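Chains, contacts and geometry: an overview
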Amino acid sequence: MNYYVMKNNQRINLLDIPTIEFNTLRAQLAATNLRPVSFFGSDWGQNVKLFVVLADDEKGELLVVSSLIDKNVKEYESITKDNHQYHMFEREFYEQFNIKPLGHPWLKPVRKNQDDYEFFEMEGEETHQVAVGPIHAGVIEPGHFRFMCQGEKVYNLEIMLGYQHRGVEDLMVKKPSNQLAESICGDSVIAYNMAYSQVMEELSGMEITNKAKLIRRVALEMERTAIHIGDLGAILGDIAYQMGKEVFGVTRTLVINTMLEISGSRFGRGLITVGGVNFDIDKDLSKKIVDVLNNVKNTVEKMTRATLKSSTVMSRLEKTGVVSNEIANELNLVGMIGRSCGINLDSRFDFCDEFYKDFERKSFNATNDAYSRFRIRYKEIIESISFVKKLLKKLEGYEKEDLCVPVKNFIPNSFALSVVESWRGELVHVATTDGEGKLSRYKIKDPSFNNWYGLSMAVRNNGISDFPLCNKGFDLSYCGFDL
Amino acid sequence: MDNNLMLTLFNILILLLAPFFVIGIIKKTKAFWSGRKGVSIFQPLFDTIRLFKKDRTISTTTSWVFNFAPAVVFVTTLLAGLFVPMINCYSIINVAGAFIIFSYILGLGKFFALISAMDTGSSFEGMGASREASFTTIVEPAFFIILASLVALSGNYTFASLADVIKSNGTFGILIVILAVVSLFVMLLTECSRVPVDDPTTHLELTMIHEVMILDNSGIDLALITWANGIKMVILMALIANLIIPLGIGFGLSVGLFLLTLVLLAVIIGTLESGIARLRMSHVFEFVFVMSSFALVVASLAAVKMYGI
Amino acid sequence: MVDNITMFIALILSIAGLALVGTMAILCFTKAFSIVFLGEPRSEKAKEVKEDTTVSFIVPMSILALFTLLIGILPQYVFAFMLKPVSVFVGEINCEALQFIPLMQVVSLTAFVIIAAVAVLFAVKYVFKNKNEKYCTWGCGYNKPTSRMQYSASSYASPFITMLTPLFKKVVDIKKPKTIFPKDAHFEMHMEDVEEAYFLKPFIKSVEKFFAKFEKIQNGNIQQYITYGLVFLALALVCVVILG
């Protein structure tokens, strides 16, 4: 098998990546059972170079390969035909470079040309369609959902996104900055900024201090805690369990107010920069964080116990929105949603992060329904709080180090990638530089890119009034998908 | 007849003004359980006044039905309220067989509300209308059974049969009153869309029953419909009050107990909304069937009392 | 008031039945009226429908509708009017029935009050002189709504039908989307009565099967029919000879 094997957060020489003929690539991909984490095209002179990155989660390695496609070749034989895990990647590739995958079973627009989107329709006069969005009654992001229903039962759901397509990838190549990276997805500020900064540091060959690395990870885990607590409250709000909604809402504020004390922004904007971090966590602040998190942990534990005792809540959560293990595997669901369906992927542990190596990786008993998605958030909150405490303890040893190292120029002809476990799942940033040391391509894959189709599958054969519960349980990013 | 005039005025005042305050108390109770101060109890009144001043947006898909329906809903609800006794068994219109005409007047309002919702051609509103229509088929027969049993028990064809059930029937009376009150409470939760049947504060159209039927109404139409829904809640609370409050106590005490019952029921609804989650749609039907089963038990208890089995 | 327990049970059942009939009528007529007349046209044919009725179609139906309406808003006169022919069968109408004349007067009064009040309120709405802006139905801001995004008749009745599952036999022709990338799907349903489906149909089928065995007799061959006639005549002659 012809691949270049690399690790997470590594820079390799762009020209070292093997370039093979497309049909060989296709056969190679068909022969392996590793999943794709990145699949994108890049302008390469007169042609298009297709990069494919596969993940070997057991060994913690990433396998890169590429293929050169002539621009005049307007089509190729689709890989999705044989392996459904590539379905979204091929649709995106078609939309960006107009090279058609022949035989793709679901070739529809991803982010643009929404007027050309043809929805799947169920024949029969007795069925009706329910169209929800893009404007929703609550203050949430725009997206269009098309349900095929008969009575109260949903037989199919199709989701059309792209309303917030801002052309981030092109902007990133022209004017890369931390501020841009933070603003791509407003609820994953730390994760996006961390992935971006790591990619930039790899491309420049910069080695940041341990202190900065630890502070970044503390912020990442705190972001995870805060968002998960907010989600628990939102899920309970959707089923009208007011007590839970209010308590979790208040508790989340405690966590993000602590983030405010660290970085001056409740969501952590401005904390991370290329070369390190901008703010320090000294001994007093560290103690304060630990106290707040202990308090939060107690409240969350108490409230969750009370919630799970309530039979009305449990009757809503159990057996709602089930996604089977087979479908989850077929669609390559990642992150928290994948773990709640039995797909045990966590890039913090799979790619052997130097600090997480010492932490215990606990297993989760997945039941694939909304209850599972509720429980996994609870589990990750408790875990993240303990991780923060351990990371802060480690931080004490690096008190004397600098926060930042000086910024260097990019190394020409480089290929770097960074996989960060944001609270939704694996976030992948890939960047390449050209011969003059300028950025030539920046590719982002949000975990929602894999997971949106899972939501369509989860709602099938459920009542339509259970859809908001499924949607909140998944809580996927619209703007992270739309880029 | 001064007394009758006072009672008539009291009935009308309660019908027109109590809806706002009852909803205000429910919101205050929910705020209390959330640890918040909450809006003032006058806020629903201010909101309705504000709606009266607003312009309307009318959908091009709708026809005369949409324009017409809010007026019908409001008039029928108010008129139905005239049949309901509040204190001392006094109702403004008192006639034998009142509960039948009461139900059918409300049914007329409901019919227009349903076709007005379907008129907009929106699948949300159709969804709400279909759920509403199905719940009515469970609620109405149960209501009729309860009232028919009470009529047979007291020999009085009017709503006065609700009064003094305990006094005339001893232990059976207590059981019957408890079951009837719970049944009417479930009917209140269903007709007025409270938790666990529906969540009135939700923004999710796919889960709503009543609110989604009025999604396209605006301005004075919306004001009339919200007011009418509040009046319906007060009417059902008044029926419950009639079962609980004994006759023959003085005017002042009756008024006090009546108002206290309204407040207490509002607080109970608010507490229930804060403490339990909304049921899955298929389970809501089972919940409403509680009303039918209790109604049948009330009928059996009445039979046992009358024919001594 | 009610003499014995049988009367009481009859009372309870009949009143529950009355209420059920009333609510089912609401469900049925809101469904029929709204699917046919309201909302956006639900099919191409519905969009292009043209009125080709004349006055002679409408006037008779209007007269019948008017009579129905009169029974509703002036019931006391209709009731008094009907008492005479009914008393031919039942003898003198006793006081219990006449007790309800005042109720009917109240019903009539209420009907007129409703009509008057609605008219007044309707007029008041126009007096309020607020602007009425026209726009399309709330479709969540989606820019390409289709007429299929409306409730269908079968979906409207579906929650109620689900409650009555033991009374009907649902014949469903459904192809659900099962795979991740479904190719097509359809749904068709109609209801059959339980007696017809589980009793009458099997009975009729077995009778048919039995008689199908005699198909050979009726094969349309004229010669065979003449043979039957000859055989019958011969038999008849033999019988006459033996018995007579």
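Our structure is the block above this text.
This report concerns the structure included in the present document. Here the structure is a predicted model, which means the values were calculated and not measured. (Residues numbered from 1 in each chain as written. Chains lettered and ligands numbered in written order. Predicted model: local features only at pLDDT ≥ 70, side-chain atom pairs only at ≥ 80, totals over all residues. Heavy atoms only, no water.)

**Observations concerning the overall build of chain B**
Counting its secondary structure elements, chain B contains 10 helices and 1 strand. Mapped in sequence order, the helices and strands of chain B form the string α-α-β-α-α-α-α-α-α-α-α. Taking the principal axes of its C-alpha atoms as reference, chain B extends roughly 60 × 45 × 45 Å. Once local pairs closer than 6 in sequence are excluded, the contacts in chain B between residues at least 24 apart make up 78%. A total of about 10300 Å² of accessible surface is found on chain B, and carbon and sulfur atoms cover 72% of it. Charge centroids of chain B, computed over 17 positive and 17 negative side chains, lie 7 Å from each other. (Helix = DSSP H or I, 4+ residues; strand = E, 2+ residues; numbered from the N terminus. Contact = heavy atoms within 4.5 Å. Areas by Shrake-Rupley, 256 points an atom, 1.4 Å probe, with all protein chains shown as cover. Lys, Arg positive; Asp, Glu negative; His and termini not counted. Charge placed at Lys NZ, Arg CZ, Asp CG, Glu CD.)

**Concerning the nonpolar core**
Membership of the largest hydrophobic core comes to 116 residues, with the highest contact counts inside it found for B:F102, B:F143, B:M237, B:L239 and B:F258. Among the elements that line this core, the one with the most residues is helix 8 (residues 219-244) of chain B, at 18 residues. Both of domain 1 (1-42) and domain 2 (55-131) of chain C provide at least three residues apiece to this core. Apart from residues lying up to four places away in sequence, B:M237 is in contact with B:V22, B:L188, B:L262, B:L265, B:A266 and B:I269. (Core = buried A, V, L, I, M, F, W, Y, C linked by side-chain atoms within 4.5 Å. Buried < 20%, exposed > 50% of the residue type's maximum accessible area, 1.4 Å probe, protein only. Domains from an automatic or database assignment.)

**Quick word on the environment of B:Y90**
Residue and element names in this part refer to chain B. Looking at the element boundaries, Y90 is found in the loop between helix 3 (64-82) and helix 4 (98-119). Its relative accessible area of 18% is what places Y90 among the buried residues. A sequence separation of 183 residues divides Y90 from E273, and the C-alpha atoms of the two residues are 32 Å apart. For Y90, the residues in contact, after removing those within four places along its chain, are N4, L7, T8, N11, V84 and P85. Of the polar contacts made by the side chain of Y90, one reaches the side chain of T8; its length is 2.9 Å. (Polar contact = N/O pair within 3.5 Å; in protein donor to acceptor, adjacent residues only side chain to side chain.)

**Examining the sheet that holds strand 15 (residues 439-445) of chain A**
All names here are of chain A. Strands sit in the order 2-13-14-15 across an open sheet of 4 strands; the sheet is antiparallel. Pairing within the sheet leaves two strands with one partner each, and these edge strands are strand 2 (10-13) and strand 15. Taking each pair of neighbouring strands and ignoring which way they run, the sheet shows an average axis angle of 15°. Alignment of strand 13 (residues 414-421) against strand 14 (residues 426-433), held across 7 bridges, turns out to be antiparallel. (Pairing = 2+ DSSP bridges. Axes fitted to C-alpha atoms, helices over the stretch in contact; angles between N-to-C directions.)

**Examining helix 1 (residues 5-37) of chain C**
Between the first and last C-alpha of helix 1 of chain C there are 47 Å, a value that for 33 residues agrees with the 48 Å anticipated at 1.5 Å per step. Looking at helix 1 of chain C, one finds that the buried residues are C:F8, C:I12, C:I15, C:A16, C:A19, C:G22, C:T23, C:I26, C:L27, C:T30, C:S34 and C:I35. Where helix 1 of chain C is buried, its residues contact helix 4, helix 5 (123-154) and helix 10 (281-307) of chain B together with helix 7 (153-163) of chain C. Just beyond helix 1 of chain C, the residue with positive phi is C:G39, at close to 80°. (Expected span 1.5 Å × (residues − 1).)

**Side note on the interface of chain C and chain B**
In this complex, chain C contributes 62 residues to the contact, which on the side of chain B involves 75 residues. The contact between chain C and chain B buries some 5700 Å² in all, and 75% of this surface belongs to carbon and sulfur atoms. Counting the contacts that link chain C with chain B gives 0 salt bridges. Applying the counting rule to chain C against chain B returns 11 residue pairs in polar contact (both at pLDDT 80 or more). (Buried area = accessible area lost by both parts, 1.4 Å probe. Salt bridge = Lys/Arg side-chain N within 4 Å of Asp/Glu carboxyl O.)

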